Amino acid sequence: MARGPGFIARITTWLRAGYPDGVPVNDYQPLLALLERQLTKEEVKQVTRDLIGQATVTVDGIEPITRVDAGVAISSRTNDLPLEHDIERVRERLERKGWPFDNDPLGHDTNGAGPGPDEQGPDAGADPPRTDGDDDPHGSGPYGGA
């Protein structure tokens with residue numbers, strides 16, 4: 001549901017149609033869960049663009065965008081804690097575009113998988129992430145230039 005003019009009025013109309021005699025006390029919590037804020041498809045694209053625009057390139061390559069980065073970017077848009085589902089949607093979009101994503105930036109991976117400090121990750125020597133201009137705010141990709 002898009003926010004904008006009439007947003008509250010549409011919610012109120014919807015609630016009155018479903019509960020013409022008022023909302024029973026036992027239904028408050030399930031109703032609020034239905035109204036939980038989720039990113040729109042366009043917001044997922046914008047968060048992805050923001051993260052790509054902030055990506056850091058070092059001599060070793062591109063530093064992965066982390067789930068913490070994604071959560072912060074989502075929170076800055078929604079003014080609320082990010083939903084796990086929204087972080088996953090952003091991660092999937094970044095990975096589809098070839099951008100590295102660190103799903104466990106603090107190293108709490110429970111299965112112990114992942115490269116050690118002296119090992120190269122699975123993307124070592126891989127082609128640079130691609131952009132189609134849709135998510136790259138500068139249209140230049142992660143390495144800069146035109």
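Everything below is about the structure shown above.
Residues numbered from 1 in each chain as written. Predicted model: local features only at pLDDT ≥ 70, side-chain atom pairs only at ≥ 80, totals over all residues. Heavy atoms only, no water.

1. A short note on the overall build of the protein chain
Stage number 1. The helix and strand tally for the protein chain stands at 5 helices and 4 strands.
Stage number 2. When the helices and strands of the protein chain are placed in sequence order, the string is α-α-α-β-β-β-α-α-β.
Stage number 3. Looking at the protein chain as a whole, 27% of its 146 residues are labelled buried.
Stage number 4. Within the protein chain, counting contacts between residues at least 6 apart in sequence, those at least 24 apart form 66% of the total.
Stage number 5. For the protein chain, the exposed surface amounts to about 10,000 Å²; the carbon and sulfur share of it is 51%. (Helix = DSSP H or I, 4+ residues; strand = E, 2+ residues; numbered from the N terminus. Buried < 20%, exposed > 50% of the residue type's maximum accessible area, 1.4 Å probe, protein only. Contact = heavy atoms within 4.5 Å. Areas by Shrake-Rupley, 256 points an atom, 1.4 Å probe, with all protein chains shown as cover.)

2. Some words on unusual backbone geometry
Stage number 1. For Asn79, which is not a glycine, the phi torsion comes out positive at approximately 55°.
Stage number 2. Position of Asn79 relative to the elements: it lies in the loop between helix H4 (67-78) and helix H5 (84-96).
Stage number 3. Residue Asn79 is classed as exposed on the basis of its relative accessible area, which comes to 70%.

3. Section: H5
An α-helical turn contains 3.6 residues, so a residue and the one three or four places further along point in the same direction.
Stage number 1. Given a rise of 1.5 Å per residue, 13 residues ought to cover 18 Å, and the 18 Å separating the end C-alpha atoms of H5 matches this to within 8%.
Stage number 2. If you check which residues of H5 are buried, you get Asp86, Ile87, Arg89, Val90, Arg91, Arg93 and Leu94.
Stage number 3. Buried residues along H5 sit against helix H3 (41-53), strand E3 (65-66), H4 and strand E4 (101-102).
Stage number 4. Two residues or fewer past H5, Gly98 is found with a positive phi of approximately 90°. (Expected span 1.5 Å × (residues − 1).)

4. Thoughts on the packing of H4 against H5
Stage number 1. Look at H4 against H5: their axes get within 10 Å of each other, and the N-to-C directions meet at 115°. The angle between H4 and H5 places the two elements in the roughly perpendicular class. Crossing of H4 against H5: the hand is right-handed. Seen from H4, the contacting residues are Arg67, Ala70, Gly71 and Ile74; seen from H5, they are Glu84, Asp86, Ile87, Glu88 and Val90.
Stage number 2. Of the residues belonging to the contact of H4 with H5, the class tally is 4 nonpolar, 1 polar and 4 charged. (Axes fitted to C-alpha atoms, helices over the stretch in contact; angles between N-to-C directions. Parallel < 35°, antiparallel > 145°, perpendicular 65-115°, else oblique. Left-handed = near helix turned anticlockwise from the far one by under 90°. Nonpolar A, V, L, I, M, F, W, Y, C, P; charged D, E, K, R; others polar.)

5. As for H4
Stage number 1. Over its 12 residues, H4 runs 16 Å from end to end, which matches the ideal 16 Å to within 8%, given 1.5 Å per residue.
Stage number 2. Contacts from the buried residues of H4 go to H3, E3, H5 and E4.
Stage number 3. One or two residues past the end of H4 sits Asn79, with phi positive at roughly 55°.

6. Section: the environment of Tyr19
Stage number 1. Structurally, the position occupied by Tyr19 is in the loop between helix H1 (7-18) and helix H2 (28-34).
Stage number 2. In this structure Tyr19 touches Pro24, Asp27 and Leu31, once residues within four positions along its chain are discounted.
Stage number 3. Within the structure, Tyr19 has its side chain in polar contact with the side chain of Asp27 (distance 3.0 Å). (Polar contact = N/O pair within 3.5 Å; in protein donor to acceptor, adjacent residues only side chain to side chain.)

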